Amino acid sequence: MSVMEQPGTVTSRPRMFHSLSLLHSLSPSPKADEEEGHVGSGTSSRPTLAFRLPNRNTCASGPTKGGQKTAASPVPGSMFSWVSKDARRKKEPELFQTVAEGLRQLYAQKLLPLEEHYRFHEFHSPALEDADFDNKPMVLLVGQYSTGKTTFIRHLIEQDFPGMRIGPEPTTDSFIAVMHGPTEGVVPGNALVVDPRRPFRKLNAFGNAFLNRFMCAQLPNPVLDSISIIDTPGILSGEKQRISRGYDFAAVLEWFAERVDRIILLFDAHKLDISDEFSEVIKALKNHEDKIRVVLNKADQIETQQLMRVYGALMWSLGKIINTPEVVRVYIGSFWSHPLLIPDNRKLFEAEEQDLFKDIQSLPRNAALRKLNDLIKRARLAKVHAYIISSLKKEMPNVFGKESKKKELVNNLGEIYQKIEREHQISPGDFPSLRKMQELLQTQDFSKFQALKPKLLDTVDDMLANDIARLMVMVRQEESLMPSQAVKGGAFDGTMNGPFGHGYGEGAGEGIDDVEWVVGKDKPTYDEIFYTLSPVNGKITGANAKKEMVKSKLPNTVLGKIWKLADVDKDGLLDDEEFALANHLIKVKLEGHELPADLPPHLIPPSKRRHE
C-alpha cells in the first residue's frame, strides 16, 4: 500500500483542497454582496458569519489522524477583520431625498410591522398607503345643516363645483371631496376608493351605504392646485336620523380627521344648539384639537350687542364638549360674496377673514410637518396598543376558563391601563378611549393575540428617537427652499393687493394715494406745541421731545421706535416737520394700528424727499 493509501495519514493534497474550500465558503460572493449590501455601505448591519471561530489563529479542524483532530493551517487574523467590524458596526442612518419619502419608508419598515403584529388596524386606524404621504393638504368642513359649509367652499374657490347644492334645508347629503382635475366632473365613491392615486382607498371598509354617499368633484381651479376641501353632510338632531344614515357617521369623520390638515367647525349665529350627533362628532375629534378651527358664520345678520352674547354662548357650549383648558380659536364673519346685512362690524369681519385665510394659506408649507406629527402620534398609540394586547395575552389561561377570564380582563381594562402606565412610564393621554377599547375587545379572540416582542418596540423607539429627529431637520430645509408656497387664487387673491387689501389706507397707510402730505392737515396743531419746546435753529433736542412724547403714555420701546422713524435725517434732533411726523405716528399707534418697520414714502416730510 502506497503512502497516499495508508489509513490515518494526512497528505498535502486533501489538506490543500480542504483549506481552499473553507476559504471559498467564507469569502463573500458578489451576488451576496449585492443582496446584503456591501460592507461599509451603510445598507446592512447583518453579520456575514453564522458561526463562532474556535480560535483566533485557526479557521477549522483538519482531518482526523489516529482519532485526534489536527489543526488546519493558521489563517492570519487580518483576513477576517472585516467580519468582526461588520458584526459590531452600528447601522448607518437611512438617507431620504424628501420628507414624504422618509415618512413612507419609516412607516413601512419600522412602524407597520408593529401594527400588523398586534392587529392595530382592527382597533384603531387602517394601514397608511403611499397616497397618504403624497396627497395635498386637505380641509374638512363640519357643521350642522344650513351653517354655510358649501357656501364657504364656493366663497373660497369663487366657482361652482359639480354636485354643489345650497339651500336652507339639509341639501348636502353626501361627502364631497372637492379636488383639482384637468376637466370638470364627478367620480363616484366606489370608483374613488379603488384609485391608488387618491388617499381614500381605506374608506372601502365603511361599505356601500357610505360609498353611495361619497364622491369626488374635480375641476381646474387655482385654489385646488394647493389644497383639497372635503364637504360633509349637515349634522342632524336626534338618534333616528343618525341611525338612518346606514353607516357610522362619526367614525367616517374620525377617519378623515386623522388625515386632513385642518378641521373647520361651522356654526350659524342663529342656531347655536349642539345636537347629540354634533356632540358625538366633536368628541370623535378629541385627539385632533390642534387641527380644529371654529367659524361663527352669518354674523352680519345680528347687531353688535347680540353678537357679543352669541359669541359668549358659543364659547360656553364648546367648553362643555371640548375638555381642554385652552380656549378654541373662533373666527367671526360672513363667509360669502353677498352684501353685509348689518355692516357695523365690517372691520372686525375683514380682520377675522384675513386671519382665517392666512391660516389656510399656510397649510401647503406646513403639510410635511403635519404628516410628521401625525406619524408620531400614530407610533405612540401603536406602542401603547402593543402593551395592552400583550398584557391581555399574558393574563389568559392556556386551556380552561378562557371566556370567563376574557370578561374579567375586559371589565378590569382600566386597571391594566394603570399597570402599563406605571411599568412603562407612559402618559395617560397616550391611551385609547377605555370605553371604545372595551367594546372592540368584546368580539376579539384573545388566544390569537401576540406576546410582547421587544425587538418591534425597540425599532419604533429608535425611529422616534433618531429617524424622526433627522426628518425634522429636513422639514425645515424644505420649508426654507419653498418660502412662497401658499394657497393662491379665488378669494385669497381678492384682498392681497390694491385698495381693497386688508388695512389699505388705514393707520400708517393713511394718505398713501394723496398728493398732499397727510401729516400736513394736523401740522398747525403740532407746530403750536413745537414752539413751546424751545427750538434752537429750528430744531428741538431729544430731551425736549421726550417731555412731550411721554404724555401719550406709550411704552418707551414704542416711543423709541417712533423717534427712529421720525428722525428722518438721523441728526438726533427734530425739526417742525419731523416733530409733526412723530405726533402722527403716536396717533396711529393710539388708534390701535401697528407701526411700520420702515417709514413709508408717503410719510416722508416734503422737505426731506429731495434728499431721499
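Counting restarts for each chain: residues are numbered from 1 in the order of the written sequence. Local features in a predicted model are, by the rule used here, given only for residues with pLDDT of at least 70; side-chain atom pairs are given and counted only at 80 or more, and totals for whole chains, interfaces and linings are based on all residues. No hydrogens and no water enter the side-chain calculation; it runs on all heavy atoms of the structure.

## Regarding the overall build of the chain
Consideration 1: Only DSSP runs of H or I covering at least 4 residues are called helices, and only runs of E covering at least 2 are called strands; the numbering of each starts at the N terminus. When helices and strands are tallied, the chain shows 25 helices and 12 strands.
Consideration 2: Contacts are residue-level and defined by heavy atoms, with any inter-residue pair within 4.5 Å sufficient. Pairs at least 24 apart in sequence give 77% of the contacts found in the chain among residues at least 6 apart.

## Some details on helix α24 (residues 576–590)
Consideration 1: What a helix should span is 1.5 Å times the count of its residues minus one. A rise of 1.5 Å per residue sets the reference length of α24, with its 15 residues, at 21 Å; its end C-alpha atoms lie 21 Å apart and thus fit the reference within 8%.
Consideration 2: Where burial is concerned, most of α24 is hidden: 11 out of the 15 residues are buried.
Consideration 3: Remark: exposure states derive from per-residue accessible area (1.4 Å probe, protein chains only) relative to the maximum for the residue type, with buried under 20%, exposed over 50%, and partly exposed in between. Listing the buried residues of α24 in full gives E577, E578, F579, A580, L581, A582, N583, H584, L585, I586 and V588.
Consideration 4: The inward-facing, buried residues of α24 abut α21 (523–530), β11 (539–540), α22 (542–549), α23 (556–566), β12 (574–575) and α25 (606–609).
Consideration 5: A positive backbone phi angle near 95° is found at G592, which sits one or two residues after α24.

## Considering the sheet that holds strand β10 (residues 330–332)
Consideration 1: Strand order in the open sheet formed by eight strands is β5-β6-β4-β7-β3-β8-β9-β10, and the pairing between neighbours is mixed. Two strands lie at the open edges of the sheet, namely β5 (185–188) and β10, each paired on one side alone. Ignoring strand direction, the axes of neighbouring strands in this sheet form an average angle of 25°. We treat two strands as partners when DSSP finds at least two bridges between them. For every element, the axis is a line fit to its C-alpha atoms; helices are fit only across the contacting stretch, and the angle between N-to-C directions ranges from 0 to 180 degrees.

## So, empty space enclosed by the protein
Consideration 1: Any residue with an atom within 4 Å of a point lines the site, the site being either a cavity, points on a 1 Å grid over the protein atoms alone where a 1.4 Å probe fits but cannot get out, or a pocket, an open set with protein on both sides within 12 Å along at least 5 of 7 lines. Grid points are joined across faces, edges and corners, and a volume is the space filled by probe spheres set on the points. Inspection of every chain in the model, using the stated rule, returns two cavities of 30 Å³ or more.
Consideration 2: Estimates place the volume of the largest cavity at around 40 Å³.
Consideration 3: Every residue along the wall of the largest cavity is listed here: E129, A131, D132, R198, P199, F200, R201, K202, W255 and R259.
Consideration 4: Every element with two or more residues in the lining of the largest cavity is listed here: α6 (130–134) and α11 (249–259).
Consideration 5: In the lining of the largest cavity, the residues fall into four nonpolar, no polar and six charged. Note that Gly is not counted as nonpolar here; it falls among the polar residues with everything else outside the nonpolar set of Ala, Val, Leu, Ile, Met, Phe, Trp, Tyr, Cys and Pro and the charged set of Asp, Glu, Lys and Arg.

## Considering the pattern of salt bridges
Consideration 1: The salt bridge criterion pairs a side-chain nitrogen of Lys or Arg with a carboxyl oxygen of Asp or Glu, the two atoms within 4 Å. Throughout the structure, instances matching the rule amount to 40 salt bridges.
Consideration 2: The partner of R293 in a salt bridge is D359, and the shortest N-O contact between them spans 3.5 Å. Of the two residues, R293 is situated in strand β9 (residues 292–297) and D359 in helix α14 (residues 346–361); the sequence distance between them amounts to 66 residues. For the pair R293 and D359, a shared accessibility class is recorded, and that class is buried.
Consideration 3: The partner of K539 in a salt bridge is D571, and the shortest N-O contact between them spans 2.4 Å.

## A closer look at the packing of aromatic side chains
Consideration 1: Stacked, edge-to-face and tilted are the three classes for Phe, Tyr and Trp ring pairs, Trp counted by its six-membered ring, which pair at centre distances within 6.5 Å; planes under 30 degrees apart are stacked, over 60 edge-to-face, the rest tilted. Per the stated rule, a full pass over the model turns up 19 aromatic pairs.
Consideration 2: Here the aromatic rings of F267 and F278 are separated by 5.3 Å at their centres, their planes lie at 35°, and the arrangement is tilted. Taken as a pair, F267 in strand β8 (residues 262–268) and F278 in helix α12 (residues 276–284) lie far apart in primary sequence, 11 residues in all. Here the two residues F267 and F278 agree in accessibility, since each one is buried.
Consideration 3: Here the aromatic residues F175, F200, F206, F210, F214, Y247, F249, W255 and F256 are joined through ring pairs into a cluster of three or more.
Consideration 4: Charge-over-ring placement is defined geometrically: NZ (Lys) or CZ (Arg) within 6 Å of the ring centre, and within 35 degrees of the ring normal. Between the NZ or CZ atom of R329 and the centre of the ring of Y331, over which it lies, the distance is 4.1 Å.

## Describing the environment of L112
Consideration 1: Structurally, the position occupied by L112 is in helix α4 (residues 99–117).
Consideration 2: Judged by relative accessible area, which is 19%, L112 ranks as buried.
Consideration 3: Considered as a pair, L112 and L456 are 344 residues apart in the sequence and their alpha carbons are 9.8 Å apart.
Consideration 4: In contact with L112, other than residues within four places in its own chain, are Y107, H121 and A127.

## Notes on the confidence of the model for the chain
Consideration 1: On a scale of 0 to 100, pLDDT captures the predictor's confidence in every residue. Summing up the model confidence of the chain, the mean pLDDT is 80 and the portion of residues at 70 or higher is 79%.
Consideration 2: In this model residues 1–91 is a low-confidence stretch, pLDDT under 50, and it forms 65 contacts with partners more than four residues away in sequence or in other chains.

## Section: the packing of α4 against helix α15 (residues 363–395)
Consideration 1: Relative orientation of the contacting elements α4 and α15 amounts to 10°, with a least axis distance of 11 Å. As far as their axial angle goes, α15 and α4 are roughly parallel. Judged by residue contacts, V99, L103, Y107, L111, L114 and E115 of α4 engage A368, K371, L372, L375, R378, A379, A382, K383 and A386 from α15.
Consideration 2: Partitioning the contact of α4 with α15 into residue classes produces 11 nonpolar, no polar and four charged. Each angle gets one of four labels, with under 35 degrees taken as roughly parallel, over 145 as roughly antiparallel, 65 to 115 as roughly perpendicular, and the rest as oblique.

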